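Structure assessment
Single-letter residue listing:
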Amino acid sequence: MRKYKANYTEAFCNEQLKWFEERMDRLPASMEISASTRTSDLPLTVRSLMQTLRSNKPSVTFSGYMETLLKIKDRLQEEGMK
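Remember, it's a predicted structure, so these values are computed and weren't measured experimentally.

The rules behind the values
- Residues numbered from 1 in each chain as written.
- Predicted model: local features only at pLDDT ≥ 70, side-chain atom pairs only at ≥ 80, totals over all residues.
- Heavy atoms only, no water.
- Helix = DSSP H or I, 4+ residues; strand = E, 2+ residues; numbered from the N terminus.
- Contact = heavy atoms within 4.5 Å.
- Salt bridge = Lys/Arg side-chain N within 4 Å of Asp/Glu carboxyl O.
- Buried < 20%, exposed > 50% of the residue type's maximum accessible area, 1.4 Å probe, protein only.
- Axes fitted to C-alpha atoms, helices over the stretch in contact; angles between N-to-C directions.
- Parallel < 35°, antiparallel > 145°, perpendicular 65-115°, else oblique.
- Left-handed = near helix turned anticlockwise from the far one by under 90°.
- Nonpolar A, V, L, I, M, F, W, Y, C, P; charged D, E, K, R; others polar.

Let's shift gears to the side chain of Ser63. Position of Ser63 relative to the elements: it lies in helix H3 (residues 63-78). Once residues lying within four places of it in the same chain are set aside, the contact partners of Ser63 are Tyr4, Lys5, Ala6 and Tyr8.

Another point: the pattern of salt bridges. Taken as a whole, this structure holds five salt bridges when the rule is applied. Between Arg23 and Glu22 there is a salt bridge; the shortest N-O distance is 3.3 Å. In this structure Arg23 comes out as buried when scored by relative accessible area, which is 10%. Assessed through its relative accessible area of 45%, Glu22 is described here as partly exposed. A salt bridge links Arg75 to Glu79, with the shortest nitrogen-to-oxygen separation between them at 3.6 Å. Bridged by salt links that share partners, the residues Lys18, Glu22 and Arg23 form one connected network.

All right, on to the packing of helix H1 (residues 10-21) against helix H2 (residues 42-55) then. In the contact formed by H1 and H2, the axes pass within 11 Å of each other and the chain directions differ by 155 degrees. Relative to H2, the element H1 lies roughly antiparallel. For H1 against H2, the interelement crossing comes out left-handed. Along its contact with H1, which presents Cys13, Leu17, Phe20 and Glu21, the element H2 presents Val46, Met50, Leu53 and Arg54. Of the residues that constitute the contact of H1 with H2, the class distribution is six nonpolar, no polar and two charged.

Read these as geometric descriptors, not functional statements.
Here is the structure:
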């Protein structure tokens, strides 16, 4: 299990955004991200998170956005997306 990291680098952020950009056309329509979080439009959710992360410098303030994106990535990989 991945541990939450409040600090992330711009290089790490760019790496994660690239991972999603390469798979946007294969995202499911909806997803249960966690026991308490669900989205009925996963592509829109991912695009919104990516836009927020691109528009702001990496900081603890935006680490929650990165954490949500990483949770989505974890779930997608659990479901077989490479």
